[in-house]
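# Notes for the structure review
What follows is each chain in one-letter form.
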Amino acid sequence: LPRRWADNFSAAGCGGTEEHGFQHPFLQAVGMFLGEFSCLGVFYLLVWRDRRRPEPSMAPSQPFSSLLFLPPALCDMTGTSIMYVALNMTSASSFQMLRGSVIIFTGLLSVAFLGRRLELSQWLGILVTIVGLVVVGLADLHSSHDQKHKLSEVITGDLLIIMAQVIVAIQMVLEEKFVYKHDVHPLRAVGT
């Protein structure tokens, strides 16, 4: 919701030109990534504080290559940027609902690439999610659109959100396949 709220800001143009809205999805994405990067500072602050104690409680971190995080980080950056672009084209409610499609793609990719076997309840969850997404898509097609978003923009935005969720699902599968086997503190993983 704060992302959509930022998109509702508007300002007068330079030299008295007409008012225009704030539509800078990549600036919003940079703000999010700076927030994630700040987790690295918090991690090192916790390590510093722990080392000053008489009996440190944090286990020393195992050596690992930071390049291990590159593929998931690229997926995160790409997926987030696409989602912010799509948010400018569709409603915030559709944006939030369509983000649930990540469940479908993560389930399918984990079966295909991680060799997972999903239980019946998980397949039913995927099926219910698909039905919900169809309802949201049909609601977008049949709802009256304001002058800000044409029907073609809404459909494009919805498809971009779903495409971004495929990328996020790839990120999750990559993290599980390559990153989870290393003992990395969560704040360090997010910040790296």
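Residues numbered from 1 in each chain as written. Predicted model: local features only at pLDDT ≥ 70, side-chain atom pairs only at ≥ 80, totals over all residues. Heavy atoms only, no water.

If you walk through the whole model with that rule in mind, you get 1 aromatic pair. Both rings, one in F43 and one in Y44, keep their centres 5.1 Å apart while their planes meet at 65°; by these two values the pair is edge-to-face. Judged by its relative accessible area of 45%, Y44 falls in the partly exposed class. (Phe/Tyr/Trp six-rings, centres within 6.5 Å; stacked < 30°, edge-to-face > 60°. Buried < 20%, exposed > 50% of the residue type's maximum accessible area, 1.4 Å probe, protein only.)

Below, the discussion takes up the side chain of D158. Along the chain, D158 falls in helix α7 (residues 151-179). By relative accessible area, D158 is classed as buried at 10%. A polar side-chain atom of D158 sits 3.0 Å from a polar atom in the side chain of T90. Discounting chain neighbours no more than four positions away, the residues touching D158 are T90, S94, L98 and D140. (Helix = DSSP H or I, 4+ residues; strand = E, 2+ residues; numbered from the N terminus. Polar contact = N/O pair within 3.5 Å; in protein donor to acceptor, adjacent residues only side chain to side chain. Contact = heavy atoms within 4.5 Å.)

This next bit is on the nonpolar core. Within the largest apolar cluster, 21 residues are counted, with the highest numbers of intra-cluster contacts made by I82, M83, F95, L98 and I161. Non-local contacts of L98, meaning those with residues more than four positions away in its chain, are made with L133, V136, D158, I161, I162 and Q165. (Core = buried A, V, L, I, M, F, W, Y, C linked by side-chain atoms within 4.5 Å.)

The subject of this paragraph is a nonpolar patch on the surface. Among the surface-exposed residues, I130, V134, L138, L141, L151, I155 and L159 lie close enough to one another that they form a single nonpolar patch of about 570 Å² accessible area. Mapped onto the nonpolar patch, the elements with two or more residues apiece are α6 (120-142) and α7. Per-element tally for the nonpolar patch: the top contributor is α6, with 4 residues. Following the sequence through the fold, L138 ends up in helix α6. Among the residues examined, L138 registers a relative accessible area of 41% and is labelled partly exposed. (Patch = residues over 30% accessible without salt bridge, like charges linked within 9 Å, V, L, I, M, F, W, Y side chains within 5 Å. Areas by Shrake-Rupley, 256 points an atom, 1.4 Å probe, with all protein chains shown as cover. Salt bridge = Lys/Arg side-chain N within 4 Å of Asp/Glu carboxyl O.)

Glancing now at the confidence of the model for the protein. Per-residue confidence for the protein gives a mean pLDDT of 85; residues scoring 70 or more make up 88%. Confidence scores differ between elements of the protein, with helix α1 (residues 2-7) showing the lowest mean pLDDT of 59 and helix α5 (residues 102-114) the highest of 95. (pLDDT = per-residue confidence, 0-100.)

With respect to the helices and strands, the residue F113 is situated in helix α5. The class for F113 is exposed, based on a relative accessible area of 54%. Each C-alpha atom of the pair F113 and I170 lies 9.8 Å from the other, and the pair is 57 residues apart in sequence.

Residues spaced three or four apart along an α-helix face the same direction, because each turn holds 3.6 residues. Helix length check: helix α3 (residues 70-87) (18 residues) gives 26 Å between terminal C-alpha atoms against 26 Å at 1.5 Å per residue, within 8%. If you check which residues of α3 are buried, you get P72, C75, D76, G79, T80, S81, I82, M83, Y84, A86 and L87. (Expected span 1.5 Å × (residues − 1).)

This part takes up the environment of V154. Mapped onto the elements of the fold, V154 is located in helix α7. Its relative accessible area of 4% is what places V154 among the buried residues. The sequence separation of V154 and G137 amounts to 17 residues, and the corresponding C-alpha distance is 9.7 Å.

Below, the discussion takes up the pattern of salt bridges. Proximity of charged atoms lets side chains of opposite charge pair with each other. A complete count under the given rule lists 1 salt bridge for this structure. With a closest N to O distance of 2.0 Å, E176 and R116 form a salt bridge. Placement of the pair is E176 in helix α7 and R116 in the loop between α5 and α6, with a sequence separation of 60 residues. The class of R116 is partly exposed, set by a relative accessible area of 40%.

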